[in-house]
Amino acid sequence: MSKLALLGGAKAIGEEGRALKANWPNIGLEAALCDYTGAKYAKCVSAGTAALISGLFAAGCGPGDEVITVAYTWVATVGAVLRVNAVPIFADIDPRTFCIDPEDVKRKISPATKAILAVDYYGHPAPIPELMAIAEEHGLVLIEDACQASTSEINGQKVGNLAHFTAFSWSGKPIYSGSGGGAFLTSDRHLYERALLAGQHPTVIQGLATDPDVLKYASMGGTGDNMRAVGTDAMAQLMDAEVRTDARIRNCDYLTEKLSAIPGITPPYVRPGYKHVYHYYNCLWDATPWGFSRDTLCSALNAEGIFAVAYLKDANFNFAPESKPIEAGGPIHMRTIFQERNLYGKGCPFLCPHVANPPVYSEGDLPVSEEMWKREFAFFQPDLSPPCDERDMQLIVDAVHKVLDNADALKQWEQERASQ
Ligand SMILES: Cc1ncc(COP(=O)(O)O)c(C=O)c1O
């Protein structure tokens with residue numbers, strides 16, 4: 001008779017019993033994410049935003065703490081910093097990759113800096129090796145917002161185990177779920193356990209945490225937020241995300257070959273050793289040879305049936321074309337929240353007593369970000385991924401040529417609209 005597990009014997013399900021556990025919501029996906037990235041710990045959460053908030057909370061970011069990040073990103077990155085009541089400090093970007101510039105990060109470090117929050121923008125990884133060196137030197141936590149880049153790599157190493165803490169999103173991203181969701185990944189046990197307190201169910205914290213300083217808050221579910229996992233169908237997606245990513249890269253390489261021959265269009269730059277997974281295929285527009293603006297180019301392409309977007313300006317216009325106007329997009333430091341610095345009506349998190357040096361966000365702070373958003377346009381992942389193939393990419397190229405062949409008509413169209 002074998003000894004009861006309750007009394008110290010081996011479990012009846014043994015090691016082969018992994019499948020029994022795998023059918024519990026998310027446990028299978030979390031194990032698969034660890035296998036895929038090499039991270040020691042993964043936790044599925046309700047969204048990429050939840051993963052970011054969990055990471056910032058785990059890093060101890062709160063009132064009076066500064067987080068160095070970019071103004072050139074989807075709003076969730078910076079929103080997560082505000083959500084933990086920390087102060088975003090913006091660093092400029094590299095004009096080729098659109099990702100954070102490590103040299104500017106160094107300039108922005110102050111005694112109040114707690115974390116660096118870098119974004120793998122459009123699917124091109126941020127310069128994580130350089131940023132890790134800076135973070136280690138200054139005792140900071142490096143959080144990687146890999147929401148747009150969950151299948152990318154640097155020097156053959158998967159994103160997810162490169163920074164101290166990484167956030168993934170499943171919402172229309174390289175690893176996808178129809179119901180949204182996301183995950184955080186880390187190999188740091190302390191960060192993993194603290195991150196659970198940002199929004200996990202009390203029994204999840206109780207089951208996974210071992211640190212008494214974490215367990216003492218478990219019965220309340222930590223901060224009391226609900227960031228519990230959704231999007232478990234990302235498991236199926238994970239199995240072919242790699243194949244889809246590689247097919248998308250082949251499609252984008254084809255686009256690059258064709259578009260780089262066109263004056264006025266600069267296709268995306270890919271840093272050597274970096275795997276750009278093209279959540280967006282981002283180009284720069286130079287109006288000089290054609291005489292009409294980037295916005296007119298996008299309008300003309302959209303009318304031809306090719307979705308082209310000025311992402312930082314109006315990422316959502318495709319989904320809500322008739323909605324009422326809100327403030328124009330652009331780099332985040334110029335938006336009302338940062339100009340007013342009064343989000344909660346009492347100056348927090350920018351001007352509260354915990355803040356030693358209240359930040360001022362001004363035009364001219366981030367010259368590269370302020371220039372790039374006026375020139376970029378992008379094609380979106382679904383139009384670049386299988387089943388789309390070279391023939392579809394050629395349709396995009398043909399549409400671009402059709403638009404440019406009609407430059408004179410477009411110049412006139414633009415002038416008429418300007419005079420209305
Ligand atoms: C760069 C970036 N960060 C964070 C997020 C947030 O992810 P989610 O929508 O799953 O909250 C997104 C989503 O689009 C994103 O693009």
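Keep in mind that this is a model prediction, so the values were computed, not measured.

About the cut-offs
- Residues numbered from 1 in each chain as written.
- Predicted model: local features only at pLDDT ≥ 70, side-chain atom pairs only at ≥ 80, totals over all residues.
- Heavy atoms only, no water.
- Buried < 20%, exposed > 50% of the residue type's maximum accessible area, 1.4 Å probe, protein only.
- Helix = DSSP H or I, 4+ residues; strand = E, 2+ residues; numbered from the N terminus.
- Pairing = 2+ DSSP bridges.
- Near = heavy atom within 4 Å.
- Polar contact = N/O pair within 3.5 Å; in protein donor to acceptor, adjacent residues only side chain to side chain.
- Areas by Shrake-Rupley, 256 points an atom, 1.4 Å probe, with all protein chains shown as cover.
- Core = buried A, V, L, I, M, F, W, Y, C linked by side-chain atoms within 4.5 Å.
- Domains from an automatic or database assignment.
- Contact = heavy atoms within 4.5 Å.

A. Broad picture of the pairing of strand β4 (residues 113–119). With six of seven residues buried, β4 lies mostly within the body of the structure. In terms of strand pairing, strand β2 (residues 66–70) meets β4 through three bridges, oriented parallel. Bridge pairing in β4 links Ile68 to Ile116. Pairing between β4 and strand β5 (residues 141–145): five bridges, direction parallel. If you follow Leu117 over to β5, its bridge partner there is Ile143.

B. Summary view of the site of the ligand. Surveying the vicinity of the ligand reveals 15 residues, the closest of which are Gly48, Thr49, Asp145, Gln148 and Ser169. In the environment of the ligand, an oxygen atom lies 2.8 Å from a nitrogen or oxygen atom belonging to the side chain of Gln148. Here an oxygen atom of the ligand and a side-chain polar atom of Lys173 are 2.9 Å apart. Look at the ligand: alone it shows 390 Å² of surface, and the protein chains cover 89% of it.

C. Layout of the nonpolar core. Leu33, Tyr72, Tyr121, Ile128, Leu131 and Leu142 are the most contacted members of the largest nonpolar core, which has 67 residues in total. A domain-level breakdown of this core finds at least three residues from each of domain 1 (15–236) and domain 2 (241–319 + 329–419). What Tyr72 contacts, discounting residues up to four positions off in sequence, is Ile93, Phe98, Tyr121, Tyr122, Leu312, Ser369, Met372, Trp373 and Glu376. In terms of nonpolar packing, the next biggest core, distinct from the first, is built from 34 residues, Ala58, Ala80, Val141 and Leu196 among them.

D. Examining the side chain of Thr296 more closely. Assignment of secondary structure puts Thr296 in helix α11 (residues 294–303). Once residues lying within four places of it in the same chain are set aside, the contact partners of Thr296 are Leu410, Trp413 and Glu414.

E. A look at helix α2 (residues 27–37). Among the eleven residues in α2, eight count as buried, and that is most of the element. Inspection of α2 places Gly28, Leu29, Glu30, Ala32, Leu33, Cys34, Tyr36 and Thr37 among the buried residues, and these make up the whole buried set. Gly38, located one to two residues past α2, shows a positive phi value of around 90°.

F. View of the environment of Glu136. You can see Glu136 is positioned in helix α6 (residues 128–138). Judged by relative accessible area, Glu136 falls into the exposed class, the value being 51%. As a C-alpha pair, Glu136 and Thr37 span 99 residues in sequence and 21 Å in three-dimensional space.

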